[in-house]
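Listed below are the residues making up each chain.
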Amino acid sequence: MKVQIITLFPEVFEEVLNNSMLWKAQDIGVVNFEVINLREFGIGPRNQVDDPPYGGGDGMLIMVKPMVEAIEFAKKKSKNAKVILPTPRGKNYVQSEAKNLASENNDLIIVCPRYEGYDERITDWVDVQYSIGNYVLTGGEIPAMVIIDSVVRLIPGVLGGEESAEKESFQSDDKSIEHPQYTRPEEFRGKKVPEVLLSGHHAEIEKWRMKNQ
Ligand code: 6GU
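Residues numbered from 1 in each chain as written. Predicted model: local features only at pLDDT ≥ 70, side-chain atom pairs only at ≥ 80, totals over all residues. Heavy atoms only, no water.

Peer 1: I'd love a proper account of the sheet that holds strand β7 (residues 128–131), names of residues and values included.
Peer 2: Judged by pairing direction, the sheet is parallel, and its five strands sit side by side in the order β2-β1-β6-β5-β7 without closing on themselves. Each of the sheet's edge strands pairs with one partner strand only, and the pair in question is β2 (32–37) and β7. Across the sheet, the axes of successive neighbouring strands diverge by a mean angle of 30°, strand direction being ignored. Alignment of strand β1 (residues 2–7) against strand β6 (residues 108–111), held across four bridges, turns out to be parallel. Looking across to β6, one finds that Val 3 is bridged to Leu 108. (Pairing = 2+ DSSP bridges. Helix = DSSP H or I, 4+ residues; strand = E, 2+ residues; numbered from the N terminus. Axes fitted to C-alpha atoms, helices over the stretch in contact; angles between N-to-C directions.)

As structure tokens, this is what we get:
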């Protein structure tokens, strides 16, 4: 899966994409990330990418031309990619959306809006708009990372060992099924690990875990 990210802040992705699980996913070759600097598609000598809104109002909007040209540039490398726009006006991004994106195995192009918004015509080049929750963020970079992380970990082979992505944490959209866990020491400042977990009694442990989800 090729994942291209169009952003005015390419550097914020470096740390995230080159660490831990996301780095491993690249290393084993199941995913390939490319960060595209929107500024390179800017207009004129100052590579302008934003402009005030028609009709007046505060702030600057991402202009349609640089963004559409960046999307077209990305599409050349990834003809059937799904183009994703993170926006608070999008549909709720939930676990089932992550599962669909991972299983469709389409390449992804994620465009990150910044500032106070974007020219609405950009959405004609977008396949799906997602909101990651009921609050407002300053840009699409953090939502883009949320989407990437949640999709890539579901690609077979990315989570190692016996740990299947299917089994842990979130099976349905909103219900955590993970039980509490403990490691050494058995007691810390008077707080003890539940006795049953030290018992070696697998059936009892399983029962306790089911009960404590
Ligand atoms: Cl996708 N973008 C922004 N700017 N704010 C959000 C969001 C997205 N999802 C929730 N809040």
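Still more ground to cover, so stick around.
Peer 1: Could you give an account of the site of the ligand, with specific residues and numbers?
Peer 2: Neighbouring the ligand are the residues Pro 86, Thr 87, Pro 88, Tyr 130, Ser 131, Ile 132, Gly 133, Tyr 135, Val 136, Leu 137, Gly 139 and Pro 143. Contact between the ligand and Ser 131: a nitrogen atom at 3.4 Å from a side-chain N or O atom of the residue. A distance of 3.0 Å is found between a nitrogen atom of the ligand and a backbone nitrogen or oxygen belonging to Leu 137. Starting from 290 Å² of accessible surface for the ligand in isolation, the protein chains cover 96%. Those elements that place two or more of their residues in the shell around the ligand are β5 (82–92) and β7. (Near = heavy atom within 4 Å. Polar contact = N/O pair within 3.5 Å; in protein donor to acceptor, adjacent residues only side chain to side chain. Areas by Shrake-Rupley, 256 points an atom, 1.4 Å probe, with all protein chains shown as cover.)

Peer 1: Could you give an account of a nonpolar patch on the surface, naming the residues involved and the relevant values?
Peer 2: Where nonpolar side chains cluster on the molecular surface, the patch consists of Tyr 135, Leu 137, Ile 142 and Val 146 and spans about 360 Å² of accessible area. By the secondary structure assignment, Ile 142 is in helix α5 (residues 141–152). (Patch = residues over 30% accessible without salt bridge, like charges linked within 9 Å, V, L, I, M, F, W, Y side chains within 5 Å. Salt bridge = Lys/Arg side-chain N within 4 Å of Asp/Glu carboxyl O.)

Peer 1: Residue-level account of helix α2 (residues 20–27), with values.
Peer 2: Buried within α2 are the following residues: Met 21, Leu 22 and Ala 25. The buried side chains of α2 occupy one side of the element, clustering within an arc of 100° when seen end-on. Exposed side of α2, more than 90 degrees from the buried face: Ser 20 and Asp 27 are the residues found there. On the buried face of α2, the contacting elements are α1 (11–17), β2 and α5. (Buried < 20%, exposed > 50% of the residue type's maximum accessible area, 1.4 Å probe, protein only. Arc of directions from axis to C-beta. Contact = heavy atoms within 4.5 Å.)

Peer 1: Break down the nonpolar core for me, citing the residues and quoting the values.
Peer 2: Counting residues in hydrophobic clusters, the biggest one holds 29 residues, and the most contacted among them are Val 3, Ile 148 and Val 152. Broken down by secondary-structure element, the contributors of at least two residues to this core are β1, α1, α2, α4 (95–104), β6, β7 and α5. Among the elements that take part in this core, α5 stands out by supplying six residues, more than any other. Dropping the residues within four chain positions of it, Val 3 is found in contact with Val 31, Asn 32, Phe 33, Glu 34, Leu 108, Ile 110 and Ile 148. Counting residues in hydrophobic clusters, the runner-up holds 21 residues, among them Val 68, Ala 74, Ile 122 and Val 126. (Core = buried A, V, L, I, M, F, W, Y, C linked by side-chain atoms within 4.5 Å.)

Peer 1: Quick rundown of the pairing of β5? Include the residues and the values.
Peer 2: Side-chain direction in a regular strand flips from residue to residue, so the side chains alternate between the two faces of the sheet. Sheet analysis places β5 next to β6, joined by three bridges and oriented parallel. Following the sheet pairing, Ile 84 is matched in β6 by Ile 110. For the crossover from β5 across α4 to β6, the handedness is right-handed. Both β5 and β7 contribute to a ladder of five bridges, which runs parallel. Its bridge partner lying in β7, Ile 84 is registered against Val 128. (Right-handed = clockwise from strand over helix to strand, strands pointing away.)

Peer 1: How would you summarise the pattern of salt bridges if you had to cite specific residues and measurements?
Peer 2: Per the counting criterion, the structure on display carries nine salt bridges. Glu 34 is the partner of Lys 2 in a salt bridge, and the nearest nitrogen-oxygen pair spans 3.0 Å. In this pair, Lys 2 sits in strand β1 while Glu 34 sits in strand β2, placing the two residues 32 residues apart along the sequence. Put simply, Glu 120 and Arg 89 hold a salt bridge, and the shortest N to O gap is 3.2 Å. Here Arg 89 lies in strand β5 and Glu 120 lies in the loop between β6 and β7, a separation of 31 residues in the sequence. What emerges from the salt-bridge pattern is a single network uniting Lys 2, Glu 34 and Lys 77.

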